[in-house]
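Structure assessment
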Amino acid sequence: MKAIAISAYGGPEVLRITDLPDPVPAPGDVLIRVKAFGLNHAEAYMRAGAWGEVAAVPGIECAGVVEADPTGRLPAGTKVVAILGGMGRTRNGSYAELVTVPASNVAPVRSSLGWAELAAVPEVYATAWSGLFGNLDLRPGEQVLVRGATSSLGQAAVNLAVDHGATVLATTRNPAHAPLLKELGAEEVLIDDGDLAAQVSTRKITVDAVFDVVGNSVLRDSLATVRPRGRVCQLGFLGGFEPVRDFDPIADLPTGVQLNFFGSAFVLGSPEFPLADVPLDAIYAKVESGAIPARPVRVFRFDEIVEAHRVMEAGEALGKMTVTVD
């Protein structure tokens, strides 16, 4: 099979198309013929070696058809999406014509969307849904602040929250990106200067929940932004991996505020966080109808992977990008 492999840890240019033996599904795995895959910042970190030694073939999600399912659950030819399950980290990932994935991380889909459109949804929408409704228990009418809203995960959170009937405050560091977030349905856009708590206080805005994609670098501020007995869920690390220095729960965690974390790479598809809990078919139906604007902002060919990673790392896309395999 053709696959894109990491020839050495480094920049986008280290990604090379190569020939590898076709993978064979182990018991409990599903073999998928990949039609398209989404691009994720996690794959750039893996390619660069930031997370230590990883599998040779990157890719943490895909859309395709079942080639073989030894479990007998999914007939050959079934249209599916696959998310995580060690792809790109502990086993070769989806930047390939074929990939094996744990059956618990594979979901059949009944959508007429094209392959590039199908591949734009799984990882960011499963993560956004889990954070908003699993961790934050977001309810219609509540006000949620999405921090890091111009990222593909942030945009997915804005879309799902608006569709759910919540009021969305979205943040960006770049004022030029505010119209994009308004177009997605954000009620208000705040320019993130690192002190959102002061902005919220001055404008007398009540924030019920914070969906934080920026991470450790703004954790203290996110905790101070939410109302008493509000909720904060951290899901990303756009602000870097540096730990929160000298974090003291007594001084830094406001009384009654709930802080939690959702690490999709470690738990999604596990018995405790089953992929079946995420209503992917309902999300795809809303994408198809136009109710949720989740189509990719740019689609690359398989042989354009170096340019795709360059665009992703430069932050030029402002949305989800996908790659077609054939």
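Each value, and the rule that gives it
- Residues numbered from 1 in each chain as written.
- Predicted model: local features only at pLDDT ≥ 70, side-chain atom pairs only at ≥ 80, totals over all residues.
- Heavy atoms only, no water.
- Salt bridge = Lys/Arg side-chain N within 4 Å of Asp/Glu carboxyl O.
- Helix = DSSP H or I, 4+ residues; strand = E, 2+ residues; numbered from the N terminus.
- Buried < 20%, exposed > 50% of the residue type's maximum accessible area, 1.4 Å probe, protein only.
- Polar contact = N/O pair within 3.5 Å; in protein donor to acceptor, adjacent residues only side chain to side chain.
- Expected span 1.5 Å × (residues − 1).
- Contact = heavy atoms within 4.5 Å.
- Pairing = 2+ DSSP bridges.
- Axes fitted to C-alpha atoms, helices over the stretch in contact; angles between N-to-C directions.
- Core = buried A, V, L, I, M, F, W, Y, C linked by side-chain atoms within 4.5 Å.

1. Thoughts on the pattern of salt bridges
Summed over the entire model, instances satisfying the criterion amount to 21 salt bridges. Where R231 meets E142, a salt bridge forms, and the shortest distance between an N and an O atom there is 2.7 Å. You can see R231 sitting in strand β12 (residues 231-234) and its partner E142 sitting in the loop between α3 (122-135) and β8 (143-147), a full 89 residues away along the chain. Neither R231 nor E142 differs from the other in exposure class; each is buried. Beyond isolated ion pairs, a larger network of salt bridges with shared partners links D137, R139, E142 and R231.

2. Description of the side chain of S270
Relative to the elements of secondary structure, S270 occurs in the loop between α9 (264-267) and α10 (280-289). Overall, the relative accessible area of 17% leaves S270 in the buried class. A distance of 2.7 Å separates a polar side-chain atom of S270 from the backbone oxygen of V267.

3. So, α3
When the terminal C-alpha atoms of α3 are compared, their 18 Å separation across 14 residues agrees well with the 20 Å that a helix rising 1.5 Å per residue should span. Counting buried residues in α3 gives 12 out of 14 residues, a clear majority hidden from the surface. Considered for burial, the residues of α3 that qualify are P122, E123, V124, Y125, A126, T127, A128, S130, G131, L132, F133 and N135. Where α3 terminates, the next one or two residues include D137, which has phi positive at roughly 50°.

4. As for the environment of A149
Among the structural elements, A149 can be located in the loop between β8 and α4 (152-164). The class for A149 is buried, based on a relative accessible area of 0%. Between the C-alpha atom of A149 and that of A178, which follows or precedes it by 29 residues, the distance is 9.8 Å. Those residues in contact with A149 that lie beyond four places of it in its chain are G154, Q155, V158, A170, T171 and L181.

5. Some remarks on unusual backbone geometry
One non-glycine residue, D137, lies in positive phi territory at about 50°. Its location among the elements puts D137 in the loop between α3 and β8.

6. Observations concerning the sheet that holds strand β13 (residues 258-261)
If you trace the 6 strands from one edge of the open sheet to the other, you get β10-β9-β8-β11-β12-β13, paired in parallel fashion. In this open sheet, the two strands that pair with only one neighbour each are β10 (188-191) and β13. Here the average twist between neighbouring strands, direction ignored, is 20°. With 4 bridges joining them, strand β9 (residues 167-172) and β10 adopt parallel strand pairing. By the bridge assignment, L169 is partnered in β10 with E188.

7. Concerning helix α1 (residues 41-48)
All of the buried residues along α1 are A42, E43, A44, M46 and R47. Where the residues of α1 are buried, they touch β1 (2-6), β2 (15-19), β3 (29-38) and α11 (305-314). The first or second residue beyond α1 is G49, which carries a positive phi of 85°.

8. Here's the deal with the nonpolar core
Ranked by size, the top nonpolar core spans 91 residues in total, and within it F37, L39, L132 and F211 carry the most contacts. Those residues in contact with F211, other than ones at most four positions away along the chain, are A128, G131, L132, L136, V144, L145, V146, R147, L153, A157, C233 and L235. Membership of the second largest hydrophobic core comes to 14 residues, among which are L190, I205, L223 and V257.

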